[in-house]
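# Per-entry structural report
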Amino acid sequence: MKFKVLGIEHIGVAVNEIKEPSNFFGNLLGIENSLTEEVEDQKVLTDIYDTGLGKVELLKATAEDSPISKFLSKRGEGVHHIAFLVDDVQLALDELSNSNIELIDSKPRLGAEGMLIAFLHPRSTSGVLVELCQKP
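Since we're looking at a predicted model, the values are computed, not measured.

## Things to note about the side chain of Lys55
Structurally, the position occupied by Lys55 is in strand E4 (residues 55–61). Within polar-contact distance, the side chain of Lys55 engages the side chain of Glu9 at 2.7 Å. There is a polar contact of 3.0 Å between the side chain of Lys55 and the side chain of Glu113. The residues contacting Lys55, other than those within four sequence positions of it, are Glu9, His10, Ile11, Ile48, Tyr49, Asp50, Glu113 and Met115.

## Regarding the layout of surface pockets
Its boundaries defined by the atoms lining it, the largest pocket holds a volume of some 750 Å³. Lining the largest pocket we find 33 residues, and of these Pro67, Ile68, His80, Phe119 and Leu129 sit closest to its centre. At the level of secondary structure, the elements contributing two or more residues to the lining of the largest pocket comprise strand E1 (5–14), strand E3 (44–50), E4, helix H2 (67–75), strand E5 (78–86), strand E7 (116–120) and strand E8 (130–134). Here the element with the most residues in the lining of the largest pocket is H2; it accounts for six residues.

## Quick look at the packing of aromatic side chains
Scanning the entire structure with this criterion turns up two aromatic pairs. Both rings, one in Phe24 and one in Phe25, keep their centres 5.1 Å apart while their planes meet at 75°; by these two values the pair is edge-to-face. Taken together, a centroid distance of 6.1 Å and an interplanar angle of 35° make the contact between Phe25 and Tyr49 tilted. Here Phe25, found in helix H1 (residues 19–28), pairs with Tyr49, found in strand E3; they are 24 residues apart in sequence, far enough to count as distant. Residue class for Phe25 comes out buried when judged on its relative accessible area of 16%. Judged by its relative accessible area of 4%, Tyr49 falls in the buried class. Ring pairs connect the aromatic residues Phe24, Phe25 and Tyr49, which therefore count as one cluster.

About the criteria used
Residues numbered from 1 in each chain as written. Predicted model: local features only at pLDDT ≥ 70, side-chain atom pairs only at ≥ 80, totals over all residues. Heavy atoms only, no water. Helix = DSSP H or I, 4+ residues; strand = E, 2+ residues; numbered from the N terminus. Polar contact = N/O pair within 3.5 Å; in protein donor to acceptor, adjacent residues only side chain to side chain. Contact = heavy atoms within 4.5 Å. 1 Å grid on protein atoms, 1.4 Å probe; cavity = no way out; pocket = protein on both sides within 12 Å on 5 of 7 lines; lining within 4 Å. Points joined across faces, edges and corners; volume = space filled by probe spheres on them. Phe/Tyr/Trp six-rings, centres within 6.5 Å; stacked < 30°, edge-to-face > 60°. Buried < 20%, exposed > 50% of the residue type's maximum accessible area, 1.4 Å probe, protein only.

Given below as structure tokens:
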């Protein structure tokens, strides 16, 4: 069986503060803020803007040891990851691992919007952090 990519789910953008970028995406571009949610185990606040054909997910760290804090200290604000919607995250992880793609997560975990998520290491994806998402 082969997993299927169903589309780009969202682009994750690391930010220091939510207010200024949310003004740009929400007020100036007119994209609907569909959800603001804290994902405690990832130590991140997500502010999600839905275009109807894909989302922008603003990511603000809620702790100093958050992966977003580490990213911001190394690279500053900007694109953090690209997320693909797939039909079966675990199947995708198994198939990609068998194809020598380095995984950050070997098993899916719970992410924003109740989705199952897993990350692939940028060393295996042309320097881009890739997230795989499966709708609940």
